[in-house]
Amino acid sequence: ESRGPAAEPTHALARGPVVPPTRSSEGFLREFLRELQYGQGVTLARSSPNDQYLAMARAVRHYLMADWLETARRRREHPAKMVGYLSAEYLLGRQLDNALLATDMVDIVQEALAECGISLDTMRAQEVEPGLGNGGLGRLAACFIDSLATLDVSCVGYGIRYEYGIFRQTFVDGRQVEVPDTWLSFGNPWEFPHPEREVEVNFGGHTEQYTDEDGRERTRWIPGWNVLGVPYHYMVPGYQNGVVNTLRLWSARATHAFDLQIFNSGDYAEAVRAQTFAENITKVLYPEDSTPQGRELRLQQQYFFVACSLKDYIDQTLPPDFDLKRLPDQIIFQLNDTHPVIAVPELMRLLIDDKGMEWDEAWEITQKCFAYTCHTLLPEALEVWPVELVGRLLPRHLEIIYGINERFLEQVREAFPGDELRVRRMSIVQDHPFRAVRMAHLATVAGAKVNGVAELHSQLLRDKLLPDFAQMYPDKFTNVTNGVTPRRFVRQANPALSELISEAVGPGWERDLSRLSGLESFAEDPEFREQFRQAKQANKERLRALLLVRDGVELPEGHLLDVMVKRLHEYKRQSLKLLHVVTLYESIRSGEVAAEDVTPRTVIFGAKAAPGYHMAKETIALINAVAKTINADPAVKGRLAVAFPANYNVTLAETLIPAADLSEQISLAGMEASGTGNMKFALNGALTVGTDDGANVEIRQLVGDDNFFLFGMSEPEVAALHASGYVPSQVYADNPRLKRVIDLIASGAFTDGDPGRVSAFVDDLLYNDRFMALADYQSYIDVQERIDAAYADTEAWTRSAILNVARAGFFSSDRSMHDYLDRIWGAGIRL
Ligand code: F58
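Keep in mind that what you see is a predicted model, and the values were worked out from it rather than measured. (Residues numbered from 1 in each chain as written. Predicted model: local features only at pLDDT ≥ 70, side-chain atom pairs only at ≥ 80, totals over all residues.)

Moving on: the overall build of the chain. Of the regular secondary structure elements, the chain holds 34 helices and 25 strands. On C-alpha atoms alone, the chain measures out to a radius of gyration of 28 Å, which is about the 28 Å that the 2.2 N^0.38 rule sets for 831 residues. Overall size of the chain, expressed as C-alpha extent along the three principal axes, is 90 × 75 × 60 Å. Burial analysis of the chain (831 residues in total) assigns 48% to the buried set. Taking the contacts inside the chain whose residues are at least 6 apart along the sequence as the reference set, 76% of them involve residues at least 24 apart. (Helix = DSSP H or I, 4+ residues; strand = E, 2+ residues; numbered from the N terminus. Rg over C-alpha atoms; globule rule 2.2 N^0.38 Å. Buried ≥ 20, exposed ≤ 12 C-beta atoms within 10 Å, placed from the backbone. Contact = placed C-beta atoms within 7 Å.)

Right, let's talk about the site of the ligand for a bit. Near the ligand there are 19 residues, and of these Gly136, Leu137, His375, Ala673 and Ser674 occur at the shortest range. Partitioned by chemical class, the residues of the shell around the ligand number six nonpolar, ten polar and three charged. Looking at the shell around the ligand, you find at least three residues from each of domain 1 (79-94 + 129-481 + 819-825) and domain 2 (559-794). (Near = placed C-beta within 6 Å. Nonpolar A, V, L, I, M, F, W, Y, C, P; charged D, E, K, R; others polar. Domains from an automatic or database assignment.)

On to the UniProt feature "modified residue: N6-(pyridoxal phosphate)lysine" (unreviewed entry) in the chain, then. Here, the residues flagged by UniProt with the feature "modified residue: N6-(pyridoxal phosphate)lysine" (unreviewed entry) are Lys680. Note on placement: Lys680 falls in helix 26 (residues 677-683). (UniProt positions renumbered as here; feature names shortened; annotations may be inferred.)

Every buried residue of helix 5 (residues 106-114) is accounted for by Ile108, Val109, Ala112 and Leu113. In a view along the axis of helix 5, the buried residues occupy a sector of 125°, so they form one face of it. Away from its buried face, by an angle of more than 90 degrees, helix 5 presents the exposed residues Asp107 and Ala114. Against the buried residues of helix 5 lie helix 2 (25-40), helix 3 (49-77), helix 4 (96-102) and helix 6 (120-126). (Arc of directions from axis to C-beta.)

This next bit is on the nonpolar core. Counting 241 residues, the largest nonpolar core has Ile145, Val437, Leu442, Val626, Leu656 and Ala808 as its most contacted members. If you tally residues by element for this core, the top one is helix 3, at ten residues. Lining this core are residues from two domains, each supplying at least three of them: domain 1 (79-94 + 129-481 + 819-825) and domain 2 (559-794). For Leu656, the contacting residues outside a window of four places in its chain are Leu543, Val563, Val565, Ile604 and Gly606. (Core = buried A, V, L, I, M, F, W, Y, C linked by C-beta atoms within 7 Å.)

Spatially, 15-17-16 is the arrangement adopted by the three strands of the open sheet, whose pairing is antiparallel. Edge positions in the sheet fall to strand 15 (384-386) and strand 16 (429-430), since each of these pairs with one other strand and no more. Of the strand pairs in this sheet, strand 15 and strand 17 (residues 436-438) are connected by three bridges, and their pairing is antiparallel. Of the residues in strand 17, the one forming a bridge with Pro386 is Ala436. Strand contacts of helix 17 (residues 439-446): strand 15 and strand 17, with the helix running at about 45° to strand 17, the strand carrying the most contacts. (Pairing = 2+ DSSP bridges. Axes fitted to C-alpha atoms, helices over the stretch in contact; angles between N-to-C directions.)

This part takes up the sheet that holds strand 21 (residues 601-606). Strands sit in the order 22-21-20-23-24-25 across an open sheet of six strands; the sheet is parallel. The strands lining the two open edges of the sheet, one partner per strand, are strand 22 (640-643) and strand 25 (709-710). The pairing of strand 21 with strand 22 spans four bridges and is parallel. Within strand 22, the residue paired with Val603 across the bridge is Val642.

Attention shifts here to the pairing of strand 22. Residues Leu640 and Val642 of strand 22 are buried on one face, and the alternating residues Ala641 and Ala643, pointing to the opposite face, are buried as well. Each parallel crossover has a hand, and the one from strand 21 via helix 24 (residues 614-632) to strand 22 is right-handed. (Right-handed = clockwise from strand over helix to strand, strands pointing away.)

Once the domains are mapped, the chain shows domain 1 (79-94 + 129-481 + 819-825) and domain 2 (559-794). A separation of 36 Å is found between the C-alpha centroids of domain 1 and domain 2. At the junction of the two partners, domain 1 supplies 34 residues and domain 2 supplies 30 residues. Every element with two or more residues in the side of domain 1 that touches domain 2 is listed here: helix 7 (136-150), strand 5 (168-172), strand 6 (175-179) and helix 18 (455-465). Split into classes, the residues belonging to the side of domain 1 that touches domain 2 amount to ten nonpolar, 15 polar and nine charged.

Glancing now at the packing of helix 12 (residues 343-354) against helix 15 (residues 395-415). One way to put it is that helix 12 packs onto helix 15 with a least axis distance of 9 Å and a crossing angle of 100°. Compared by their axis directions, helix 12 and helix 15 come out roughly perpendicular. Along the contact surface, helix 12 presents Pro345, Glu346, Met348 and Arg349, while helix 15 presents Arg396, His397, Ile400 and Ile401. Split into classes, the residues belonging to the contact of helix 12 with helix 15 amount to four nonpolar, one polar and three charged. (Parallel < 35°, antiparallel > 145°, perpendicular 65-115°, else oblique.)

Moving on, we come to the environment of Leu247. Mapping Leu247 onto the fold places it in strand 12 (residues 244-254). We classify Leu247 as buried; it has 26 C-beta atoms within 10 Å. The spacing of Leu247 and Ile145 is 102 residues in sequence and 8.2 Å in space, taken between C-alpha atoms. Beyond its immediate chain neighbours, meaning those up to four positions away, Leu247 contacts Tyr90, Ile145, Gly157, Gly159, Tyr234 and Val236.

Further remarks concern the packing of helix 21 (residues 495-505) against helix 22 (residues 526-551). Packing of helix 21 against helix 22 brings their axes to within 8 Å, and their N-to-C directions diverge by 160°. Viewed along their axes, helix 21 and helix 22 adopt a mutual orientation that is roughly antiparallel. Residue-level contacts link Ala496, Leu497, Leu500 and Ala504 of helix 21 to Phe528, Gln531, Phe532, Ala535, Ala538 and Asn539 of helix 22. Looking at the contact of helix 21 with helix 22 residue by residue, the classes come out as eight nonpolar, two polar and no charged.

Encoded structure:
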């Protein structure tokens, strides 16, 4: 298809580069009104807030457009190695503020809107955040593409444009009820559909052998059905640096031919059914956290988006005459967990079946084009796909996986002769408990590098999760500790603190977070400490105002704000936090401590449970029940409160985290791969109470033991307790305080006298407690008592909080990206 005009343009405007609109409030006003009137088709007087939001978002977009086009031109003209980030999830958060910050347009826009009688805050509130991810893994992808744009690294993020993102959580009688996330229903001003760049994706059918013109035995795939993938482009602006990268999200459509055929036969119902079937592929994000469901539609989603992405890259991004032997010089595909790992056999298939390469050559190339990031330590979280399903959906890919496995196992036998047990452990295809493809093994065999997401995690990955592989390929394994973008999570979320930081260390720290170390000396300055407290106080007030309108919740004033926000999972141990809350409550109620001696504290929870995760949902119900009882009890009024705002998401995080005093990171040691919320809290001046787990370990090392509240068993201690046999009911029986607390819950004191509503929770703690909450209970209570005392010393607490900020610069995702460049992506990527 030809591009550009048929004849040489004659007008200067048509020849010249793209001219961005004038950067002034007058200039913006003009863009805004043009979009409102000519784009939305309404006058200002008749426009709804949604009209205004859509128009202003499009007007903001204009200011990024010249940079986007220029970045693309530059990257085409000076082709350098690129990162293809393959992720089934991007938890982007709202786009408007991010774009305003990237273009440095907040003031201009505010002024222009004011002249129209519109408040920027009203506009901000219109946006429904794109919730195209579950939690940490999806948010990490969003931070990484932000950092790559800010570092001017050539990167395309590839993913799925789910029509419905992560569900909206509501509470009915304290129990979670999921509501569909209709984020697209009022229009999405941030995306650019490109139907002309649609690609076809095949599924099903069978394979057959044939002899080609050169007399070679070849295989071809005769698919059974196919769908189209339509790319939607999103801008990924760097921070005030003129760079705009691309996020390419794929949406499924029915093929036109299929459609038309059925229409012509007069079977309209069947045509609609076919369309619905195809479009189901990108209909909804799977809301599973940590334990993936082996559902057919999920594998369809995974193959759909990687097939679209590889085809798009090879056929549309590379020059037409490109020699694919040089592919590894041009791109590295980073596999965000195992979800995109089906890209490995897909690239093999493209190179062998479509491009006519020999196996060995194709394998050499493939092995250089992928790297794999693992995000878990839970064995049940490792994806395995039944052979029957892979064979039915992707018969050619299954053959290729067998081919890879056969050659791989030969190497294992060569390296470890006579060790058939090892061969079975390492096989990409498992036989028990059912025949299935182990995606993590495939990724590890194919990937040039395999990384964990924090030091401890990478070490456990080598020693416990994939030890055979680490022995065979010691150089493959590496660590890159996660990071978070300081643009969204400090600059944008915490303007009050940002201003203080800029005053103290000068401007520009948003792009070089190591400069936060310049705050160190300010921790000793009483005046600075006072300003720091005022910033925290302003953030608390902002949170109070939000929760009042958002949830009808009235936060008490002057409390220590103790925050635990993350997905609800047993390994994260919201149950342990709840035991602490009930302990505080019980100790005041029983008169063991006088109310006036208690450090006033509000505990805030935020957590979604996977819809099918029974115990997680029971925990949510119990937290809400406990909150209701405590908040209504005059005996603890002004001393203890519990809030559980529904639907914790990126937008809420941006107001909650800057207001927090205490960050709860209390997973059982060895279970949380990294955590990234922990980093956001530290950067916003909350102190952490945490186990020696995930990135907590590195946070503690950096901020220092005096500025971190460590508790609980270490990972080796956990392993030892497992080995010696853990009996939670014994811990209960041996600890009178714990016994009182559990007995109180079990009595139905928080559930209208109904013990039935808590028996699942209580029984699990007493007779199962897989994540050893009871074993860490006393240590947790002890550290919380130290926290109460520490918080009472305002100056010392503030000093610690400032030191947390000053010493957490390491946790910028810019640093993570430098580490990927150094340790994984290799030479050739231009910085
Ligand atoms: C998270 N994983 C880790 N998985 O739990 C967390 O420790 C880490 O900081 C973060 O990744 C980033 O590395 C995670 O969020 C998921 O959400 C998957 C979604 C799909 C099903 C399996 C879990």
